[in-house]
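# Report on the structure
For reference, the chains in residue letters:
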Amino acid sequence: MMRNPTAACRWFLAIVSLALMVGGTAVTGCQQQEKVEAPAQVHTVTGLGDDAGKVAQERNLTPHDVVAALKTYMPSGRLDDYVMFASGGHSGQVLVIGVPSMRLLKVIGVFTPEPWQGWGTGSVATEAVLRAGDPSGRKTSWGDTHHPALSETDGAYDGQFLFIGDKANSRLAVIDLRDFETKQILANPLAMSSHGAAFVTPNTDYVVEGGQYATPLGVRYAPIEDYQKSYRGLVTFWKFDRQKGRIDRDKSFAMELPPYWQDLCDAGKLESDGWVFCNSFNTEMATGGIEKNQPPFEAGVSQRDMDYLHIINLKRAAEVAAAGKVETVNGFRYIPLQTSIAEQLLYFAPEPKSPHGVDVTPGGEYLVVAGKLDPHVTVYSMAKIKDAIAKQSFEKKDPYGVPLLKFDDVKEVQVELGLGPLHTQFDAQGYAYTTLFLDSAVARWSLGGAYQSKHSDPPWKLLTKLPVHYNVGHLAAAEGDTTTPNGKYLVAMDKWSIDRFQNVGPLLPQNFQLIDISQPGDRLQLLYDMPIGIGEPHYAQIVKADKLHSWEAYPEVGWDPHQQAKHASATVIGKERVERKGNRVEVWMTAVRSHFTPEHVEIRKGDHVVWHITNVERARDATHGFALPYYNINLSLEPGETDTIEFDADRDGAFSFYCSEFCSALHLEMAGYMLVKP
């Protein structure tokens, strides 16, 4: 080496050394000044010279900063290895994010209108989907999305569908990942609020929606003094028809549960296939009432040391429902609690109080439960659960007669991690990751049993805690809740950001923090902070990008995305027209760069207008919009799509319509007039 390298080169060599220490891929420069001997895995990129070191010095970046940047930077045109689907919280939408770049790729319109996609802004089809999900037919304009769930085949993501729940209104949505659009929204007829949705069974036969706050089934009235008698918990199993891409309401059913507050669920897999597990809290059945000098909810629901893990034999429950051993409320089937007990569908196991997650290991052998008021995670053995049920080894029954398994009979181990454990994910190295809300950290700990051979660490042991910023809730590892976790990335979903980003007023963004988990033992590296300023996301799933096979354009011109078939009123070039039958006016229009045909549509005040527009483009990304003022209409017409709007012309005037998606050099000229005569 040369004896007097520049300061910038010396600094850059430190980056190389650090990258080698952390096991990353290093980029070496300074070739013109000194030769660097490095192991074969170091890729040499010529032409950097002093520039990289100078930029890092000017920006006051440490070697750790630069290594993190190298691990996340994606040059223009290079695609991410993974795609993360995250709930959008109070936005009511789903966020699509590339990993490791952490680039926001799309916001999918779900429970709330999203004008850019023409979602709920005039389209007959999207309005129908939104209104079908209105609770009890009451128009609802917001949602609180919590838990996205990718469809699975044999317990692994298949990239075909995505499901998402709305906690605020107990709704569930189905998204088709061929075009990333919402196709179905259903409101639960038995409940008004459900936190534990959505979670899928290993072959997406059912989408699981856990309840939350107990109410009389069907949200009927009962005085709070009758809580234990009249209020009930709930878990709903929505039957999914993969061929139709829709949930079959008639084949779906729910199970009545005691009036504990059910929380998150997870479906068993492999060894635990056919079973579903749900947390609960408020086994005290506290009812609050500080205005009556009663203990507040936060005190009342936290008195006992243990709550109940719900262990549900879903395979058997589906047989019971199919046999007609159900009752109905609001036309929806449910298995009464006493039937579940008699048919041996439901069991409880004690779990540390105030749990907020139950997570099944990749092989289905263990269930991991974190009680946020206990510093441990509790690991339950599925083999021990099955054995205890077979032997009818119960401690007692709950007040409603549900058998309670003995804690020591079903517990595998407890691992002390820290303060406020919440949620757990897994990787391919035999490690588990649990968020610690009060510690503001992510804990990595080693699994035992069948996972011991995957690492060289002692089993069931805390290995390290990585500080995150701040108050972390959920986390997502690459395919980390499937039978085949495979990636080297984990995202911590932090509730607070405080000092991480530019001050944008009192309401601060959430913070998604990307973590490199590729190295064994205690070696974790925080790579990137991503502000989320659209709502409070709760959960996410990360899928390998090559599992997604979305369309670049719709299969043929005149496509109806909500039927995934040719639209019945698709417009053909040369057959554009306006037809009148009485006071009903029907329009067939085409859109192509850079004009609409027809450009003038003349109608009379009081007419009922049905207007079909077809984007006849076939080029990728050749999207057109259709914006019509006053009538609250904006469509997004992707290549090949046909959409329909329908309205009453209740105001006369000259209304200019235009393409609202910049599509060509003559975009501004892509316009026309709707002329409404008095």
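Please read all numbers here as calculations on a predicted model, not as lab measurements. (Residues numbered from 1 in each chain as written. Predicted model: local features only at pLDDT ≥ 70, side-chain atom pairs only at ≥ 80, totals over all residues. Heavy atoms only, no water.)

## Quick word on the pattern of salt bridges
Counted under the stated rule, the structure contains 28 salt bridges. Residue Glu-181 pairs with Lys-183 through a salt bridge whose shortest N-O separation is 3.9 Å. Of the two residues examined, Glu-181 and Lys-183, each falls in the buried class. Overlapping salt bridges, with partners in common, bring together Arg-316, Glu-319, Lys-325 and Glu-343 in one network. (Salt bridge = Lys/Arg side-chain N within 4 Å of Asp/Glu carboxyl O. Buried < 20%, exposed > 50% of the residue type's maximum accessible area, 1.4 Å probe, protein only.)

## Some remarks on a nonpolar patch on the surface
A contiguous nonpolar patch, built from Trp-496, Ile-498, Val-504 and Leu-508 and spanning about 400 Å² of accessible area, is present on the exposed surface. Judged by relative accessible area, which is 49%, Trp-496 ranks as partly exposed. (Patch = residues over 30% accessible without salt bridge, like charges linked within 9 Å, V, L, I, M, F, W, Y side chains within 5 Å. Areas by Shrake-Rupley, 256 points an atom, 1.4 Å probe, with all protein chains shown as cover.)

## Some details on the sheet that holds strand 3 (residues 82-87)
Hydrogen bonding along the main chain pairs the strands of a sheet, whether they run parallel or antiparallel. In space, the 4 strands of this open sheet follow the order 5-4-3-34, with antiparallel pairing throughout. Looking along the sheet, the strands with just one partner apiece sit at the ends: strand 5 (104-108) and strand 34 (540-544). Each strand axis lies, on average, 20° off the axis of its neighbour in the sheet, ignoring direction. (Pairing = 2+ DSSP bridges. Helix = DSSP H or I, 4+ residues; strand = E, 2+ residues; numbered from the N terminus. Axes fitted to C-alpha atoms, helices over the stretch in contact; angles between N-to-C directions.)

## So, the state of the cysteines
What the rule picks out here adds up to 1 disulfide. A sulfur-sulfur separation of 2.2 Å characterises the disulfide bridge that pairs Cys-265 with Cys-278. Across the S-S bond of Cys-265 and Cys-278 the torsion is about 100°, and the bridge reads as right-handed. Highlighted residues: Cys-265 in strand 14 (residues 261-267) and Cys-278 in strand 15 (residues 275-281), separated in sequence by 13 residues. This cysteine, Cys-659, is not joined by any disulfide, and Cys-663 carries the nearest cysteine sulfur, 3.9 Å off. Owing to a relative accessible area of 1%, Cys-659 belongs among the buried residues under this scheme. Taking the relative accessible area as the measure of exposure, Cys-663 reaches 15% and is therefore buried. (Disulfide = S-S within 2.5 Å.)

## Remarks on helix 9 (residues 382-390)
The set of residues buried in helix 9 consists of Met-382, Ile-385, Ala-388 and Ile-389. Along helix 9, the residues classed as buried sweep out an arc of 125° about the axis, all on the same side. Two to three positions downstream of the cap, the backbone nitrogen of Ala-383 sits 3.3 Å from a side-chain oxygen, assigning the N-cap of helix 9 to Ser-381. Downstream of helix 9 by one or two residues, Gln-392 has phi in the positive range, about 55°. (Arc of directions from axis to C-beta. Polar contact = N/O pair within 3.5 Å; in protein donor to acceptor, adjacent residues only side chain to side chain.)

## Notes on the nonpolar core
One finds Val-235, Phe-237, Phe-253, Met-255, Val-276, Ile-312 and Ile-335 to be the most contacted residues of the largest nonpolar core, which totals 38 residues. Setting aside its immediate chain neighbours within four residues, Met-255 contacts Gly-233, Leu-234, Val-235, Phe-237, Ile-312, Ala-317, Ile-335, Ser-340 and Leu-345. (Core = buried A, V, L, I, M, F, W, Y, C linked by side-chain atoms within 4.5 Å. Contact = heavy atoms within 4.5 Å.)

## Describing the pairing of strand 10 (residues 196-200)
Side-chain positions along a regular strand alternate between the two faces of the sheet. Across the 5 residues of strand 10, 5 count as buried, placing the element largely inside the fold. Pairing between strand 10 and strand 11 (residues 206-210): 4 bridges, direction antiparallel. Bridge pairing in strand 11 places Gly-196 opposite Gly-210. Counted along the chain from strand 10 to the antiparallel partner strand 11, the turn is 5 residues long, and its residue Thr-204 has a positive phi close to 60°.

## Considering the domain arrangement of the protein chain
By convention, interface size is frequently given as the accessible area that disappears when the constituent parts associate. According to the domain assignment, the protein chain consists of domain 1 (82-547) and domain 2 (559-677). In this complex, domain 1 contributes 19 residues to the contact, which on the side of domain 2 involves 14 residues. With both chains or domains summed, domain 1 and domain 2 bury close to 1,200 Å², and 41% of this area falls on carbon and sulfur atoms. Considering only the surface of domain 1 that becomes buried against domain 2, Trp-116, Thr-121 and Val-124 emerge as the three largest contributors, covering 31% of it. Scanning the region where domain 1 abuts domain 2 turns up 0 salt bridges. (Domains from an automatic or database assignment. Buried area = accessible area lost by both parts, 1.4 Å probe.)

## Overview of the packing of aromatic side chains
What the rule picks out here adds up to 31 aromatic pairs. Between Phe-161 and Phe-240, the ring centres sit 5.1 Å apart and the planes meet at 75°, which makes this aromatic pair edge-to-face. Residue Phe-161 is found in strand 7 (residues 156-166), and its partner Phe-240 is found in strand 12 (residues 233-241); the two are separated by 79 residues along the sequence. The class for Phe-161 is buried, based on a relative accessible area of 6%. Relative accessible area serves as the criterion here: at 5%, Phe-240 is assigned to the buried category. Aromatic pair Tyr-366 and Trp-460: ring centres 5.3 Å apart, planes at 90°, arrangement edge-to-face. Of the two residues, Tyr-366 sits in strand 21 (residues 366-371) while Trp-460 sits in the loop between strand 28 (441-446) and strand 29 (462-467), which places them 94 residues apart along the sequence. (Phe/Tyr/Trp six-rings, centres within 6.5 Å; stacked < 30°, edge-to-face > 60°.)

## Observations concerning the side chain of Ser-594
Turning to its location among the elements, Ser-594 is positioned in the loop between strand 38 (584-592) and strand 39 (595-597). There is a polar contact of 2.5 Å between the side chain of Ser-594 and the side chain of Ser-664. In this view, Ser-594 contacts Ser-664, Leu-666, Glu-669 and Met-670; residues no more than four positions away in its chain are not counted.

## Brief notes about the confidence of the model for the protein chain
Should pLDDT be low for a region, the predicted coordinates there are not to be read in detail. Residues at a pLDDT of 70 or more form 93% of the protein chain, whose mean pLDDT is 93. Low confidence marks residues 19-47, where pLDDT is under 50. Its contacts with residues over four positions away, or in another chain, come to 54 contacts. (pLDDT = per-residue confidence, 0-100.)

## What to know about the environment of Arg-171
Following the sequence through the fold, Arg-171 ends up in strand 8 (residues 171-176). Residue Arg-171 is classed as buried on the basis of its relative accessible area of 1%. Within the structure, the side chain of Arg-171 is placed 2.9 Å from the backbone oxygen of Trp-142, a separation counted as a polar contact. Within the local environment of Arg-171, its side chain forms a polar contact with the side chain of Asp-166, the two groups lying 2.8 Å apart.

## Details of the sheet that holds strand 29
Sheet architecture is open: 4 strands sit in the order 26-27-28-29, paired in antiparallel fashion. The outermost strands of the open sheet, each flanked by one partner alone, are strand 26 (421-426) and strand 29. Strand-to-strand twist in this sheet, taken as the mean axis angle between neighbours without regard to direction, amounts to 25°. As defined by bridge partners, strand 27 (residues 431-436) adjoins strand 28 across 6 bridges and the pair is classed as antiparallel. By the bridge assignment, Tyr-431 is partnered in strand 28 with Ser-446.

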